[in-house]
Amino acid sequence: MLAARAAILAVTLVAWEVAARPTGGADLIAPPSAIAQALFATVLRDGAIRSAILFTLFEVLCAYALAVAGGLVLGLAIGSTEMARRSFYPVVLLLYAIPQVVMLPLVTLVFGIGPAAKIAFGFSHGVFPVLVNVIAGMRNVNPLYVRAATAMGAQRADIIRHVMFPHMATSFFTGLRLAMTTTLLGVILAELYVSTAGVGYFTKLFAENFDPAPLFALIGILAVMAIALNELARSVERRFTHWRTASTS
Amino acid sequence: MSAEVTAARPAAISVRHLTHRFGAEGAASSVLAIDNLSLDVVQGEFLCLLGPSGCGKSTLLNIIGGLVIPTEGEVLVHGRPMNRPMPDRLAFVFQESTLFPWYTVSENFTIAFKYRGVARSEWRDRTTEALASVGMAEFARHYPNQLSVGMRQRVNLARGIAAGTDILLMDEPFAALDEQSRMVLGEDLSVLLARTGKTIVFVTHSLAEAVFLSDRIVLMSARPARIKEIITVDQPHPRLPEFMLEPRFSELRNRCYAALRDEIRAAMTMQGT
Amino acid sequence: MKDSPAASRLVQLGFLTAAVTAWYVAGRFSVVPPLFLPPIDAVWSSLNGLIRTEEFWSAIGVTLSTIAKAYGIAVVLGVLAGYLVTRSRFLTAVLEPVISALFSIPITLFLPLFILVFGIGTASKVAYGAAYGFFPIALNTIAGLSRVDRRYLAAARALGISAFGTVRHVMWPAAFPVILTGLRIGFFIAFASVLGGETISSVEGVGRNIALSAELLEPARMYAWIVVVVAAALVLNGAVSAIENRMRGQ
C-alpha cells in the first residue's frame, strides 16, 4: 500500500518534470527541479521570507489557542442547560452559515494590517467547529446521571465538570482536529488579503513578477506546515479517543 | 411416496464431491467449509438443509445457485454445470429482504422480470398474481420502507416465486418473522409446491419447520459440512397444520435432534460461530 | 421536545431582530467608530442607491456566473472521478486516502498559483472554486459507490442483472444520498471560495466590490454589500435545508 502510494508520488513528479521542462521558462508551471532549486536558493535563504513563514505559524498557533479556549468555554456555557442551548445553538448555526470571507476587509479595517487581523480571522474560523462539537457533545447526556449528581449535592459547576465534560470529550477532540484546518484557512485567507507584508506580500510579489518557481516553493512550505499541523491535531484526537470502538462522528 | 432419484423422478440438482475452502490452502486463516459432499435433489421435492449455525449450509446453497464457485467438485442443474447464477433456472430468496428500497414493490418485480427476459406484456399480470398469492396485492405501489419486516419478507418471497423458475433456493427466509407468520407462510409454501411441482431447497435452523415442510431432510454436521443423515418425511403435499399433531411428527423431530445434538454442541464451541 | 426547525427559526429570527436593533442603537449613540460600524440608516440608503446602479447587478451577475461555472465543473469532474476510482477496489484503496489527504490542506494556499496561471480575471476564480469544490464531491461519490450494501449486490447477481444494470439500478440509487450530501457541501464551498478569491484578488464581482469599498474607506457601501451576501447565504441555506428535510421525510 505504502509502496503503491510512493509509486504514484514518484510517477506524478516525473510526469510533472517532463511536462513542464521543455517550454523553457515561458510556462507558468515550474518543474519540480526548478522548484526545489528555488526553495533552497531563494526562499529559505531570504531572511524576510523565512520570518514571514514563521510569523504565519505563530499567528496560526495563537488563533488556534484562542479558538479552542473560547470555543470550549462558550460551548460549555451554551450546552450546559437545555434553555441556553435552545436559545443560542440556532444562532451559532446561523452564523456558521455565513461565508466569513466577506468580513475579511472589515476585519482588516478594524484590526489593521498587522498580526491582530490574521489572528482574529483565524480565531473566528476556528472557534466554530469547537463550539458546535462541544454543544453537540453535551447534548445526549443521560439525565439520570445529572439527577444522581444533583442528589449527591453537586452544584452546577460540579455537574459540568464530572458528568458533562467527560461525556463530550470525544466530540471536543474531533472539534479540535477540525478547528486546526479552519484556523489555518482563516489565517491564510487573511495573509493573502493583506498583501503589504507577510506571506501575502511575497506571494503577490512572485505572482506579479511571473516567477513561478519560488511561488510554488513558498506555497509548498506552507502546505507542509499545514499537513504537519493537521497530523498533530489528528494524532491528539486519536490519542484521546482510541478507546471508542464505534464511529461516533 | 419417498423422494428418491429414479428414472421417473430425475435429479434436478446433482452435487458431486463438493469441497469448498475459504482462503488459500495451507494458509493459517484458511477454513474448510464443505468436505467432499455429494447430494442429489429430486425434481419436485422439498429438500431441507438442516444443521447448526455456521455449518456451511448457506455456503452450500450459494454454490448450488452459482453465486460461489467451489474449490473442488461440481454442481449440475438439469445436467448443466453451474458456474454462474442462472436466473432463468433458479431463483433465490434470502433471509433478509433484498428488495431495493429505492424502487416500489412493483418496480422491484419488473426489474427481476426485465433481466430474466420475461415479456413486457406479462409484467403487470405476473406481479399482481405473485403479490396476491402472498396477500400483498394492495401494496404494489408502496416502498419497502413503508412495509413491516414481515410484509417485506412476504414480498421478497413473492418476487422469488414470480420468476417462474423450476427451482427455488431459500436461505432461512422466515428467520426474521414471528412464529405465527412463519407457520402461515410455511403452509402457503407447501400449497405452492403441490400446485406447481417446483423443486425447493430450503435452509433452516428450525427442526419443526424442516419436518413440517420437507420431503427429505439433510442433516448436516458442524463445520466442515458433511452429510450426517438424510431423513425422509413420508407425507404428501400440501401439508396441513394437523400434521404437526401426529405422533409421527414428534418422532421425526426427535430423530433430527438426536442426530444433531452433538453437532450443535460442537458448533457452539467453534470459533466464529 | 421543542427542537423543531420552526422553533430554531424563531430563535434565529429573534436574534436577527435583536442584532438589527442593537445596530440601530449603536449608530444613534455613536458607540462605535462609524468607520467600523456605520449607522444602519447610512447602510440602508447606500444599499438602496446601490441596487439602482448598473454596476451592482453586473457584479452580481459576474459572481453568480463564476460560481455556476466553478460548481458545474466541480460536479462533473468530482462525480466522474469518484465513479472511475470506484471501478477498481485497488484504485479505491490507493487513491481515496490521497484525495482525502490533499483535501486537508487548505486549498486557499494555492489561490496565488491559480492567479499566476489563469490571470486575475474570473477564470482563476472558476478554476479555484472548481478545484476546492471537487474534493467533497469526489470523496462522497467514492464513499457512496464503494459502500453499497453487499446484500443488494448479491441480490442483483442472483436476479441475473448485468454489470451495467447493476450500476444503474443498484449502485447509483444506493449511493445517491451520500453523493447528494457531497453535492451540497461542494456547493457551499464553491460559493465561499469564489467570494474569497474575488475578495483577495480580482477586478470585478461581489468580493472585489467589498474589498474596494474597504480600500476606499466607504464603510456604508461595504456593509451594504455584506448585507447582500449574508442575506443571499441565509436564503440559500434555508432553501437547501428545506429541500433536504423534504427529501428525508419521504
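One can find the structure itself at the top, above this paragraph.
Residues numbered from 1 in each chain as written. Chains lettered and ligands numbered in written order. Predicted model: local features only at pLDDT ≥ 70, side-chain atom pairs only at ≥ 80, totals over all residues. Heavy atoms only, no water.

Once that is clear, we can look at the overall build of chain A. Regarding its fold elements, chain A presents 10 helices and zero strands. The C-alpha atoms of chain A give 23 Å as radius of gyration, which overshoots the globular expectation for 249 residues (18 Å, by more than 25%). Referenced to the eigenvectors of the C-alpha coordinate spread, the extents of chain A come out at roughly 80 × 50 × 30 Å. Counting all 249 residues of chain A, 47% fall into the buried class. Of all intrachain contacts in chain A linking residues separated by at least 6 positions in sequence, the fraction that spans at least 24 positions is 75%. If you sum the accessible surface of chain A, you get close to 12300 Å²; carbon and sulfur atoms cover 70% of it. (Helix = DSSP H or I, 4+ residues; strand = E, 2+ residues; numbered from the N terminus. Rg over C-alpha atoms; globule rule 2.2 N^0.38 Å. Buried < 20%, exposed > 50% of the residue type's maximum accessible area, 1.4 Å probe, protein only. Contact = heavy atoms within 4.5 Å. Areas by Shrake-Rupley, 256 points an atom, 1.4 Å probe, with all protein chains shown as cover.)

This paragraph deals with the overall build of chain B. Secondary structure assignment for chain B yields seven helices and 10 strands. Based on the C-alpha atoms only, the size of chain B along its principal axes is roughly 50 × 45 × 40 Å. Here the analysis covers contacts within chain B between residues at least 6 apart in sequence; of these, 71% occur between residues at least 24 apart. Roughly 12400 Å² of accessible area belongs to chain B as shown, and the carbon and sulfur atoms make up 50% of that amount. Averaged over its 29 positive side-chain charges, chain B has a centre that lies 4 Å from the centre of its 30 negative ones. (Lys, Arg positive; Asp, Glu negative; His and termini not counted. Charge placed at Lys NZ, Arg CZ, Asp CG, Glu CD.)

Turning next to the interface of chain C and chain A. Taken together, the contacts link 46 residues of chain C with 46 residues of chain A. Here chain C packs against chain A, burying approximately 4000 Å² in sum over the two surfaces, 82% of which is carbon and sulfur. Inspection of the region where chain C meets chain A yields zero salt bridges. Connecting chain C to chain A are two residue pairs in polar contact (both at pLDDT 80 or more). Only helix 1 (5-28), helix 4 (89-103), helix 5 (111-118), helix 8 (163-200), helix 9 (206-215) and helix 10 (219-249) of chain C provide two or more residues apiece to the side of chain C that touches chain A. The element best represented in the side of chain C that touches chain A is helix 10 of chain C, accounting for eight residues. A per-class count over the side of chain C that touches chain A returns 37 nonpolar, seven polar and two charged. (Buried area = accessible area lost by both parts, 1.4 Å probe. Salt bridge = Lys/Arg side-chain N within 4 Å of Asp/Glu carboxyl O. Polar contact = N/O pair within 3.5 Å; in protein donor to acceptor, adjacent residues only side chain to side chain. Nonpolar A, V, L, I, M, F, W, Y, C, P; charged D, E, K, R; others polar.)

Turning to the interface of chain C and chain B, a few remarks are in order. Many authors give the size of an interface as the accessible area that is lost as the parts come together. At the interface, 17 residues of chain C touch 19 residues of chain B. In total, chain C and chain B occlude about 1600 Å² of area from one another, counting both sides; carbon and sulfur atoms represent 64% of this. By the criterion of area lost to chain B, the three top residues of chain C are Tyr152(C), Leu159(C) and His169(C), representing 38% of everything that side buries. For the interface between chain C and chain B, the tally reads three residue pairs in polar contact (both at pLDDT 80 or more). Sorting the residues of the side of chain C that touches chain B by element identifies helix 7 (150-158) and helix 8 of chain C as the ones contributing at least two each. With seven residues, the single largest contributor to the side of chain C that touches chain B is helix 7 of chain C. The class makeup of the residues in the side of chain C that touches chain B is 10 nonpolar, four polar and three charged.

So, about a nonpolar patch on the surface. A surface patch of nonpolar side chains, amounting to about 500 Å² of accessible area, comprises Leu9(A), Leu13(A), Trp16(A), Ile29(A), Val117(C) and Phe118(C). Residue assignment for the nonpolar patch shows that the elements contributing at least two residues are helix 1 (2-20) of chain A together with helix 5 of chain C. The element that contributes the greatest number of residues to the nonpolar patch is helix 1 of chain A, accounting for three residues. Structurally, Val117(C) can be placed in helix 5. Residue class for Val117(C) comes out partly exposed when judged on its relative accessible area of 33%. (Patch = residues over 30% accessible without salt bridge, like charges linked within 9 Å, V, L, I, M, F, W, Y side chains within 5 Å.)

Quick look at the nonpolar core now. By size, the foremost hydrophobic cluster in this structure holds 134 residues, and its most contacted members are Val134(A), Phe172(A), Phe100(B), Ile210(C), Met222(C) and Trp225(C). Tallying contributions element by element places helix 8 (residues 156-193) of chain A first for this core, with 19 residues. Setting aside its immediate chain neighbours within four residues, Trp225(C) contacts Leu50(C), Phe56(C), Ala59(C), Ile60(C), Val206(C), Asn209(C), Ile210(C) and Ser213(C). If you look at the next biggest cluster of nonpolar residues, it comprises 33 residues, including Phe46(B), Leu189(B), Leu193(B) and Leu260(B). (Core = buried A, V, L, I, M, F, W, Y, C linked by side-chain atoms within 4.5 Å.)

A separate point is the sheet that holds strand 5 (residues 80-81) of chain B. Residue and element names in this part refer to chain B. Reading across from one edge, 2-1-4-5 is the order of the four strands in this open sheet, with antiparallel pairing throughout. Of all strands in the sheet, those with a lone pairing partner are strand 2 (31-42) and strand 5, marking the two edges. Pairing between strand 1 (residues 11-22) and strand 2: eight bridges, direction antiparallel. Counterpart to Ile-13 in the pairing with strand 2 is Val-41. Taken strand by strand, helix 1 (residues 57-64) contacts strand 1, strand 2 and strand 4 (72-77), and its axis lies near 120 degrees from that of strand 1. (Pairing = 2+ DSSP bridges. Axes fitted to C-alpha atoms, helices over the stretch in contact; angles between N-to-C directions.)

Mapped onto the secondary structure, Thr63(C) falls in helix 3 (residues 54-85). Separated by 179 residues in sequence, Thr63(C) and Ala242(C) place their C-alpha atoms 24 Å apart.

Our next topic: the packing of aromatic side chains. In the structure shown here, the tally under the stated rule is 26 aromatic pairs over all chains. Each ring, one from Phe172(A) and one from Phe173(A), has its centre 5.4 Å from the other, and the planes form 65 degrees; the classification is edge-to-face. Residues Phe172(A) and Phe173(A) agree in their burial class; the two are buried. Summarising the aromatic geometry, the rings of Tyr83(C) and Trp172(C) are spaced 5.9 Å apart at their centres and angled 25 degrees between planes, so their arrangement reads as stacked. Remark: Trp172(C) occurs in helix 8 and Tyr83(C) occurs in helix 3; sequence separation between them is 89 residues. Residue Tyr83(C) is classed as partly exposed on the basis of its relative accessible area, which comes to 25%. Each member of the aromatic cluster is reached from another via a ring pair, and the members are Tyr71(C), Phe187(C), Phe188(C) and Phe191(C). We note Arg159(B) situated over the ring of Phe100(B); from NZ or CZ to the ring centre the distance is 5.6 Å. (Phe/Tyr/Trp six-rings, centres within 6.5 Å; stacked < 30°, edge-to-face > 60°. Lys NZ or Arg CZ within 6 Å of the ring centre and 35° of its normal.)

The interface with the highest contact count, out of two pairs of chains in contact, is the one between chains A and C. Looking at chain A next to chain B, you find no contact at all, with the nearest C-alpha pair sitting 20 Å apart.

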